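Summary of the model geometry
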Amino acid sequence: MTTSRRDFVQLSVLVGGAVGLGMARQGDAGSTEGPGPAPKKLKILVLGGTGLIGPPMVEYAIARGHEVTLFNRGKTNAELFPGLEKLQGDRNDDLASLVAQVEAGRRWDAVIDNTASIPRWVTATAGLLSGAADYYLYTSSISAYADSSTPGADETAPVGTITPEDEAKVVTTKDITGENYGPLKARCEAEARKAFGDDKTCVVRPGLIVGPGDYSDRFTYWPVRIYEGGEVMAPGDPTDPVQFIDGRDLGEWYVRLVEDGTTGTFNGVGPRSPMSIAGMLFGIRATVDNDISFTWVPADFLAKHEVQEWMQMTVWVPPVGEYAGFSSTNIDRAIAAGLTFRPLADTAVATMEYWNSLPTERREAPKAGCPAELEQKVLKAWHAQEKG
């Protein structure tokens, strides 16, 4: 099935609102004049702060008037925030700079942990800081859930488990695999709660984080491909669900969670309303003016021709079997706790601006997405089958 621009309105009604590019943020999060000052100035220690969600989070915290300290290795985007206090160390084996601060009587109102994926990191850091801070926000993942087979699952769904023996084998991040990543994140959550207590701990489980600064290229593939134009291979059924969150929305929400002292566990994904893969693609399509059409190729045909979901047909996973609920996680609790979403058009345009700012050699070697040669090969085979 090939869909051109003239079919956009009809298809968007079919799949439930592809015309809608997202709901604008409200209050401070959506102000065109920037966020106003917070009711109370806080001292916030950020473990990380220079990766994907860190920069917009830190910028937002500064704009709100908070005092921010960064603790990281000083290797990722080290040039950012030259005016902030920076403590250098390594979660794996060097907490000396943090230890010195705590021993000197240093205190923070809140800690935001963006970097831990190994439980002993949280055990050590949260344990050290439990007497030096009043609140701990840990960044987990929806991968922490034991399975993704139930559509609409919420935060009460069971999380994955790992044996102490297998956990002990994870010495550095190089030992993390697709199989143990989720259970390790669940264990990290438990260690954060153990150190700070349920009444002082907030756990956020993001899904696919996208937007400026995305180093995975998983969402980025689609704006880049759609901006190129021509016949675009679109995966599966147009109604297949997708979920993702702009890193700026996530980072800014973190600051508001800290300000409110919000505790509990939240699924940090979006958008606000259910979105289909067609809704996403046409939403991105609406930001450009070029010659383009979408050809929808069924999941089984893609699999037969060795086109991978998620890594080549990015963002998308067929909603069947063990992944039936992968892209339909319930986010009611997060919305009630103040998570807001910028329009998809904003994310798409900002993503392209970021992508175009990267060095040529980086853009010539994307980390995800369907290679042009494979896309053309599969489209040719699909059209041949359609013609009999």
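A few points on the structure. Every value quoted in this text rests on a predicted model; they were computed, and no experiment measured them.

The rules behind these values
- Along each chain, residues carry numbers from 1 onward, in the same order as the chain's sequence is written.
- Note on the predicted model: pLDDT of at least 70 is required for a residue's local features to be given, and 80 or more for side-chain atom pairs to be given and counted; whole-chain, interface and lining totals, by contrast, use all residues.
- Computation of side-chain values covers all heavy atoms of the structure but excludes hydrogens and water.
- Numbering of helices and strands runs from the N terminus, with a helix taken as a DSSP run of H or I at least four residues long and a strand as a DSSP run of E at least two residues long.
- Each residue's exposure class comes from its accessible area (1.4 Å probe, protein chains only) as a fraction of the maximum for that residue type: buried when under 20%, exposed when over 50%, partly exposed otherwise.
- Two residues form a contact once any of their heavy atoms are found within 4.5 Å.
- Any two cysteine sulfur atoms lying within 2.5 Å of each other are counted as a disulfide.
- Here the axes come from fitting lines to C-alpha atoms, over the contacting stretch only for helices, and the angles between their N-to-C directions go from 0 to 180 degrees.
- Geometric relationships in this document are graded by angle, where less than 35 degrees denotes roughly parallel, more than 145 denotes roughly antiparallel, 65 to 115 denotes roughly perpendicular, and other angles denote oblique.
- Less than a right angle of anticlockwise turn of the near helix away from the far helix marks a crossing as left-handed, whereas a clockwise turn marks it as right-handed.
- Only Asp, Glu, Lys and Arg are considered charged in this grouping, and only Ala, Val, Leu, Ile, Met, Phe, Trp, Tyr, Cys and Pro are considered nonpolar; every other residue, Gly among them, is considered polar.
- Strands qualify as paired when DSSP identifies two bridges or more between them.
- Any Lys or Arg side-chain nitrogen found within 4 Å of a carboxyl oxygen on Asp or Glu counts as a salt bridge.

This part covers the environment of proline 241. Structurally, proline 241 can be placed in strand 10 (residues 241-246). Taking the relative accessible area as the measure of exposure, proline 241 reaches 24% and is therefore partly exposed. As a C-alpha pair, proline 241 and methionine 280 span 39 residues in sequence and 9.4 Å in three-dimensional space. Every residue in contact with proline 241, bar those within four places of it in the chain, is listed here: Met275, Ser276, Pro319 and Ser327.

This part covers the state of the cysteines. Per the stated rule, a full pass over the model turns up 0 disulfides. Free cysteine: cysteine 202, not disulfide-bonded; nearest cysteine sulfur from cysteine 188 at 15 Å. Taking relative accessible area as the criterion, cysteine 202 reaches 0% and is therefore assigned buried.

With that settled, the discussion passes to the packing of helix 3 (residues 96-103) against helix 4 (residues 119-129). In contact at an axis separation of 10 Å, helix 3 and helix 4 are set at 20° when each is read in the N-to-C sense. For the element pair helix 3 / helix 4, the angle class is roughly parallel. As helix 3 packs across helix 4, the resulting crossing turns out to be left-handed. Taken together, the residues of helix 4 that come into contact with helix 3 (itself represented by Leu98, Val99 and Val102) are Thr125, Leu128 and Leu129. Residues of the contact of helix 3 with helix 4, tallied by class, amount to 5 nonpolar, 1 polar and no charged.

It is worth spelling out the sheet that holds strand 11 (residues 264-268) at this point. Spatially, the 7 strands line up as an open sheet ordered 4-3-2-5-6-7-11, and their pairing is parallel. Single-partner strands in this sheet number two, and they are strand 4 (85-88) and strand 11. If you compare each strand with its neighbour and ignore which way they point, the axes differ by 20° on average. Of the strand pairs in this sheet, strand 7 (residues 201-206) and strand 11 are connected by 5 bridges, and their pairing is parallel. Within the sheet, the bridge partner assigned to valine 204 lies in strand 11 and is phenylalanine 266. Packed onto the sheet, helix 4 meets strand 2 (43-47), strand 5 (110-113) and strand 6 (136-139) and runs at close to 165° relative to strand 6. Strands strand 2, strand 5, strand 6, strand 7 and strand 11 of the sheet are contacted by helix 8 (residues 247-260), whose axis makes an angle of about 165° with strand 7.

As a further point, take the pattern of salt bridges. Pairing between side chains of opposite charge can happen when their charged atoms approach one another. Across all of its chains, the model carries 17 salt bridges by this definition. Put simply, glutamate 85 and arginine 106 hold a salt bridge, and the shortest N to O gap is 2.6 Å. With glutamate 85 in strand 4 and arginine 106 in the loop between helix 3 and strand 5, this pair connects stretches of sequence that are 21 residues apart. A relative accessible area of 29% places glutamate 85 in the partly exposed class. We note a salt bridge from arginine 342 to aspartate 249, for which the minimum N-O separation is 2.8 Å. Of this pair, arginine 342 sits in the loop between helix 11 (332-336) and helix 12 (344-357) while aspartate 249 sits in helix 8; the two residues are 93 residues apart in sequence, bridging distant segments of the chain. On the basis of relative accessibility, which here comes to 3%, the residue aspartate 249 falls in the buried class. Within this structure, Glu167, Arg187 and Glu191 form a network of salt bridges that share partners.

Turning our eyes to something else, we now look at helix 2 (residues 54-63). Burial analysis of helix 2 places 7 of its 10 residues in the buried class, the great majority of the element. Considered for burial, the residues of helix 2 that qualify are Gly54, Pro55, Pro56, Met57, Val58, Tyr60 and Ala61. Where helix 2 is buried, its residues meet strand 2, strand 3 (67-72), strand 5 and helix 8. One or two steps after helix 2, the chain reaches glycine 65, where phi turns positive at roughly 95°.

With that settled, consider the pairing of strand 7. Burial analysis of strand 7 places 6 of its 6 residues in the buried class, the great majority of the element. Neither face of strand 7 is open: one carries Thr201, Val203 and Arg205, the other Cys202, Val204 and Pro206, and all of them are buried.

The next point concerns the environment of serine 117. Following the sequence through the fold, serine 117 ends up in the loop between strand 5 and helix 4. Assessed through its relative accessible area of 10%, serine 117 is described here as buried. Along the chain, serine 117 and tyrosine 181 lie 64 residues apart, while their C-alpha atoms are 7.5 Å from each other. Every residue in contact with serine 117, bar those within four places of it in the chain, is listed here: Tyr138, Thr173, Ile176, Leu184, Lys185 and Cys188.

Moving on, we get to the packing of helix 7 (residues 221-228) against helix 9 (residues 277-285). At a closest axis distance of 9 Å, the pairing of helix 7 and helix 9 adopts a crossing angle of 55°. When the interaxial angle is binned, helix 7 and helix 9 end up oblique. Pair helix 7 / helix 9 crosses with right-handed handedness. Facing Trp222, Pro223 and Ile226 of helix 7, the residues of helix 9 in contact are Met280, Leu281, Ile284 and Arg285. Split into classes, the residues belonging to the contact of helix 7 with helix 9 amount to 6 nonpolar, no polar and 1 charged.

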